[in-house]
Amino acid sequence: MLDRRIIDGNKFNQKLADEMAEAGYDRIRACIQCGTCTATCPAGRRTAYRTRQLIRKALLGLREEVLSDPTLWLCTTCGTCQERCPRKIEITDAITFLRNLAVEAGYMRPEHRGVSHKFIKTGHAVPIDDEKWSKLRESLGLPPLPPTVHCYPKALREVQKLLKKTGFDKLVEYKGDD
Amino acid sequence: MTQIPETPPSKPRKPRIGVFVCECGRNIAGVVNCQALAERASKLDGVVCTMVNKFTCADPGQEEIKAAIEEHKLDRVVVAACTPRMHEPTFRRTTQDGGLNQFFFEMANIRDQGSWCHSSDPEGCQERAADQIAAAVAKAHHLAPLEVLKVGVTPKALVIGGGVSGIHAALDIADAGFKVYLVERSPTVGGIMALLDKTFPTLDCSICILGPKMAEVSRHPNIELITYAEVTKVEGFVGNFTVQVTERPRFVDLDKCNSCGECTKVCPVVVPNNFDANLGWRPAIWIPYPQAVPSSYLIDIDHCLGLKSNSSTSCLMCDEACKEAGADAIIPDDEEKIHNIEVGAIVVATGYEPYDPTPITEYGYSVYPNVITAMELERLINAAGPTEGKVIRPSDMQKPHHIAFIQCVGSRDERTHIWCSGFCCMYTIKNALLLREKYPEAEITIYYMDIRTTFKDYEEFYRRARQAGIRFQQGRPAEISEDPTTKNLIVHAEDISTGRPTRREFDLVVLSTAAVPSKGTQALARVLNVPVGPSGFFMEAHPKLKPVDAATEGVFFCGSAQGPKDIPASVAQGSAASSRALRIITQNEWEIEPIVAEVNPDLCRNTIVKCGICVKRCAYGAITADPGKAAFVTPAKCHGCGTCVAECPANAITQHHFTDDQIMGQIVALLEDNPEDKILGMLCNWCSYAGADLAGISRYDYPTNVRGVRMMCSGRYSEQFVLEAFRRGAGMVLMSGCRLTETGSDCHYISGNVWAEKRFNRIAARLKKMGIDERRFRLEWVSAAEGDKWAHVITEMTAHLKEIGRDAIIAENERVRPELEKRLERLLNPPKPKPKAKT
């Protein structure tokens, strides 16, 4: 899709780059926009995810544009770009950092929110306590439930306590059992 | 030979010191208040005149100094400005022109080790500058007049490396009428340029323009060419170097061989030809290429079957053929030759070599046959190369139709080499144009990050390539994969302009690889005692004003030995280095600094007991100590490191211009106020002081609480300097010198830092026993190229200083003071040894 808007240079600011530098990704400022990251990205070859452009926008300080970009979530964190970057920029880690900022700013994908809610509820992002899994386990001579929070409700309560304490529930807008 | 006065005339009257503070435009005045510095200096003992100059080094500034000398009857001059490594010679001359002995001058470095590295803390910088001026004034009190030493000069030069740069350096010196030894490691001169096909941006044939120069080298009556040889030892100093050159055996008589080539026809050996980037073959008896100079064959003894003494076979077919052809040039028992030569100046022109990109695995070089390097393409496209100028795919010897060039392979890449090699953009454009001419139907794509076409006519050349239909795609390829059946290559790269990933199939990919220092650069740097920079290329004395000088006087660099350069720049530097060398070898005598050591025979222990420690410490054999007699330093042999001075147990040796009194005076002045907040740094002139200067030049900002004392070598750092600093309450003491690692020493004086380290360990053990926090006394090797390291060390030490805390330091100093004083007393007034037998 063509974006016909002019980027207003007066709105460029260093803040996002500063934040990233402070978080330990200071090498990002040395980026020479060579495109190795985009070209090397297995996700980018199949999707609209363009690593270099995201980094570029972050450097320009187009904060909202970066954090609201749904392609930010298409990185598989394989780390190939990081390995091949001629400036040794911690690209994958920086993308993860941008995702954290995006969530803080409220740009969470509904799917991710769903998974998070499930995690708070069950202690598993992907619960494996339904009949399908327990039957499979039993057929293999295993106990129906794995030795995780599925077996130990007390441990689950501890996990939930931790998530509450760290504010994770608020972050993912968990409002209790629905 | 020496003009050092026996004893400097005593100065009964108080010195009259003038202090001149330079603003250096805004360079200094932008951070510190020069007027305030001058006012503070005016209150120092002995200072009778102070002045602020806009630029002290400029003519008006120098005139002001001269006028002040006369008006205020000054007998000492102190200039607070840049580094003495820059302008000390200038101001010494001014002092001399003003009617004073030039050694009545001292400099305070308030720019390179002041305003340039402390811009974030102007107040701290002001304090440091004031202290450094006070130290210079303190040293000025103890200055003595000296006369420069004059040494004879050998009117010959050595040029190491016979590439295009070394050839020009040698020819220029030889044309000026002076003898030149040209030493080349490979069997022929010509270097990399002789292997290239055409040159940019004119497209003239490389060997056609270089060949006549190579021939001139072999013909020139003033040039003695030693090929297949390496410099293995260098001793001496400016004007008087003794060099050992080791020549490998060629097994062919250079004079008798008429290069008929009959020998190669019978040689049964076939090995890859490294002069053809290993793409072609050659026998064991060979010549690199037809235009080789000297025009003589040689035997590659590692691959020859018949000359090896331990070989069961005895081939010698070449010998027979040679005899038959009437030359009889084969020498089966040829041996390594050692040449010992004397020269007055040395030009280093050892060049670069192309990087082997195998470690960059994503490009598949050495795995995929059709990924080749630019050097390999040069040999393929060259009519004298292995394919007689036909560019073919190595996998099937077929003509390529889709050709890609990839730029910056191993360059501008922090995983390999950070630098831009400078000429790859241009040679790639050149090769693309040549291919376009050869194969008009072929599609050519150049993948690049930036195209760099600085210098005359280069941009025009680039335009020509665009016009000719070469596709330029911005975007650094991320990887190359291979189609296993066709052996075609798929290049993945983002097209920056459209912002989309692209993939494209090629049948030949050419990698423009980085230019890296020649093998053996490190070893030669050791032999010559000159530094290499972080890139591994030789480091010049000053990046702007001494681009071809080494830090060691009498040694010069030219061409790619100092950093990648194209042909015109290499030629220009060859001529530049030759003119710098001629400046020395055309003189009958050369002045060297009289900063040599001198023994006071009345104090020398050797007259009473057998001592001779100084003799063992001297790396130059400059000291003799005959039994029963005082040790004696031969001034012309002394290089002025001062190691013997620091090691003498009787305090009997003095180093002129770096006397104990002068240095102690500096230490006392530097630690006058709030000593516990300060780091007293001792810096050697050649590495650490230069490194600290570089930190300033590079604008690395670091804490202002360091106070520097410059000495020539870390070997000079006496124990009493350290103890006096702590007695005066110093927070920390740093000994810093040239790098000493497991692989060897970078010391400018061969082994000064070795003795410095031993001394450091002794002093550190003593201080630890006394109860001084170990972090407060530190030894660090900082090379002239490590400005960042210097800034890092000071930053770290300052952090430790804060960690330990001011009060703890004061308490610690109070506690150890009696012991420090006891030890100092013993060091300053060592007991006289008792004679073994009464005389």
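Residues numbered from 1 in each chain as written. Chains lettered and ligands numbered in written order. Predicted model: local features only at pLDDT ≥ 70, side-chain atom pairs only at ≥ 80, totals over all residues. Heavy atoms only, no water.

*Asks:* So what about the overall build of chain A? Which residues, and what values?
*Replies:* A count of helices and strands for chain A gives ten helices and zero strands. In sequence order, the secondary structure elements of chain A are arranged as α-α-α-α-α-α-α-α-α-α. In terms of overall size, chain A is more extended than a compact globule, its C-alpha atoms giving a radius of gyration of 20 Å where 178 residues would be expected to give roughly 16 Å. Overall size of chain A, expressed as C-alpha extent along the three principal axes, is 60 × 35 × 35 Å. Within chain A, the proportion of its 178 residues that are buried is 40%. Across chain A, the fraction of contacts at a sequence separation of at least 24, relative to all contacts at a separation of at least 6, is 61%. Element-wise, carbon and sulfur atoms account for 55% of the exposed surface of chain A, whose accessible area totals about 10900 Å². If the 31 positive side-chain charges of chain A are averaged to one point and the 23 negative ones to another, these points end up 3 Å apart. (Helix = DSSP H or I, 4+ residues; strand = E, 2+ residues; numbered from the N terminus. Rg over C-alpha atoms; globule rule 2.2 N^0.38 Å. Buried < 20%, exposed > 50% of the residue type's maximum accessible area, 1.4 Å probe, protein only. Contact = heavy atoms within 4.5 Å. Areas by Shrake-Rupley, 256 points an atom, 1.4 Å probe, with all protein chains shown as cover. Lys, Arg positive; Asp, Glu negative; His and termini not counted. Charge placed at Lys NZ, Arg CZ, Asp CG, Glu CD.)

*Asks:* Go over the packing of helix 2 (residues 34–42) of chain B against helix 6 (residues 122–141) of chain B, please, and point to the residues and values.
*Replies:* For any two helices packed against each other, the geometry comes down to the angle between their axes and how far apart the axes lie. Residues and elements named next belong to chain B. As a packed pair, helix 2 and helix 6 sit with axes 10 Å apart at the nearest point and diverge in direction by 40 degrees. In terms of axis orientation, helix 2 runs oblique to helix 6. When you trace helix 2 past helix 6, the crossing you get is right-handed. Side by side, helix 2 and helix 6 meet where Ala36, Leu37, Arg40 and Ala41 of the first sit next to Gln126, Glu127, Ala129, Ala130, Asp131 and Ile133 of the second. For the contact of helix 2 with helix 6, a count of residues per class yields six nonpolar, one polar and three charged. (Axes fitted to C-alpha atoms, helices over the stretch in contact; angles between N-to-C directions. Parallel < 35°, antiparallel > 145°, perpendicular 65-115°, else oblique. Left-handed = near helix turned anticlockwise from the far one by under 90°. Nonpolar A, V, L, I, M, F, W, Y, C, P; charged D, E, K, R; others polar.)

*Asks:* Can you break down helix 12 (residues 424–438) of chain B residue by residue, with the values?
*Replies:* Within an α-helix, residues lying three or four positions from one another point in the same direction, as the helix has 3.6 residues per turn. The terminal C-alpha atoms of helix 12 of chain B, which comprises 15 residues, lie 21 Å apart, in line with the 21 Å expected from a rise of 1.5 Å per residue. Taken across its 15 residues, helix 12 of chain B has 13 buried, putting it largely inside the fold. (Expected span 1.5 Å × (residues − 1).)

*Asks:* Please set out the nonpolar core residue by residue, giving values where relevant.
*Replies:* Residues and elements named next belong to chain B. Ile173, Ile480 and Val509 are the most contacted members of the largest nonpolar core, which has 140 residues in total. In terms of residue count, the dominant contributor to this core is helix 12 (nine residues). Excluding anything up to four places from it in sequence, Ile173 contacts Ala157, Val159, Phe178, Val180, Val347, Ser578, Ala581, Leu582 and Ile585. Counting residues in hydrophobic clusters, the runner-up holds 48 residues, among them Ala134, Cys687, Met735 and Leu740. (Core = buried A, V, L, I, M, F, W, Y, C linked by side-chain atoms within 4.5 Å.)

*Asks:* Account for the state of the cysteines, with residues named and values stated.
*Replies:* Disulfide: a covalent bond formed between the sulfur atoms of two cysteine residues. As enumerated under the stated definition, the model contains two disulfides over all chains in all. Note on cysteine connectivity: Cys205 of chain B is disulfide-linked to Cys208 of chain B, with sulfurs 2.2 Å apart. A torsion of 80 degrees about the S-S bond marks the disulfide between Cys205 of chain B and Cys208 of chain B as right-handed. Exposure remark for Cys208 of chain B: the relative accessible area of 49% places this residue in the partly exposed category. Sequence-ordered numbering of the bonded cysteines in chain B gives a pairing of 1-2, 3-4. Summary of cysteine pairing: Cys75 of chain A is not part of a disulfide, and the nearest cysteine sulfur, belonging to Cys81 of chain A, is at 6.3 Å. The cysteine Cys49 of chain B is free of any disulfide, with Cys22 of chain B supplying the nearest cysteine sulfur at 15 Å. (Disulfide = S-S within 2.5 Å.)

*Asks:* How would you explain the interface of chain B and chain A if you had to name every residue and give the values?
*Replies:* At the interface, 18 residues of chain B touch 20 residues of chain A. Carbon and sulfur atoms supply 49% of the area buried between chain B and chain A, which totals about 1700 Å² over both sides. Per-residue buried area on chain B facing chain A is highest for Glu414, Glu494 and Pro501 of chain B; these three make up 32% of the total on that side. At the junction of chain B with chain A, the criterion picks out five salt bridges. A salt bridge links Arg84 of chain A to Glu479 of chain B, with the nearest nitrogen and oxygen atoms 2.4 Å apart. The interface formed by chain B and chain A includes twelve residue pairs in polar contact (both at pLDDT 80 or more). Secondary-structure elements contributing two or more residues to the side of chain B that touches chain A are strand 23 (489–495) and strand 24 (500–506) of chain B. (Buried area = accessible area lost by both parts, 1.4 Å probe. Salt bridge = Lys/Arg side-chain N within 4 Å of Asp/Glu carboxyl O. Polar contact = N/O pair within 3.5 Å; in protein donor to acceptor, adjacent residues only side chain to side chain.)

*Asks:* Now, about the confidence of the model for chain B: what can you tell me, with residues and values included?
*Replies:* Within chain B, residue pLDDT values average 93, and 97% of them lie at 70 or more. Overall fold confidence (pTM) sits at 0.82, and the ipTM for the predicted complex is 0.85. (pLDDT = per-residue confidence, 0-100.)

*Asks:* Hey, could you go over the packing of helix 3 (residues 59–71) of chain B against helix 4 (residues 84–97) of chain B for me, with residue numbers and the actual values?
*Replies:* All names here are of chain B. Across the interface, helix 3 lies against helix 4 with an axial gap of 9 Å and an inter-helix angle of 35 degrees. For the crossing formed where helix 3 meets helix 4, the hand is right-handed. Counted together, Gln62, Ile65, Lys66 and Ile69 of helix 3 and Thr90, Phe91, Thr94, Thr95 and Asp97 of helix 4 form the full contact between these two elements. Partitioning the contact of helix 3 with helix 4 into residue classes produces three nonpolar, four polar and two charged.

*Asks:* Mind laying out the sheet that holds strand 33 (residues 679–684) of chain B, listing which residues take part and the relevant values?
*Replies:* All names here are of chain B. Strand order in the open sheet formed by four strands is 34-33-35-38, and the pairing between neighbours is parallel. With partners counted over all chains shown, the strands left at the sheet margins are strand 34 (706–711) and strand 38 (777–781), one partner each. Within this sheet the neighbouring strands show an average axis-to-axis angle of 20 degrees, counted without direction. As judged from the five bridges shared by strand 35 (residues 732–737) and strand 38, these two strands associate in the parallel manner. Across the sheet, the residue bridging to Val733 is Phe777, located in strand 38. Relative to the sheet, helix 19 (residues 688–697) contacts strand 33, strand 34 and strand 35, its axis offset from that of strand 33 by approximately 115 degrees. (Pairing = 2+ DSSP bridges.)

*Asks:* How would you explain the sheet that holds strand 8 (residues 223–226) of chain B if you had to name every residue and give the values?
*Replies:* Residues and elements named next belong to chain B. Ordered in space as 8-7-6-16-27, the five strands form an open sheet in which the pairing is parallel. The open sheet terminates on both sides in strands that have one partner only, identified here as strand 8 and strand 27 (555–557). For this sheet, the mean angle separating the axes of adjacent strands, direction not counted, is 20 degrees. Packed on one face of the sheet, helix 15 (residues 567–585) meets strand 6 (156–160), strand 16 (345–348) and strand 27 and runs near 170 degrees to strand 27.

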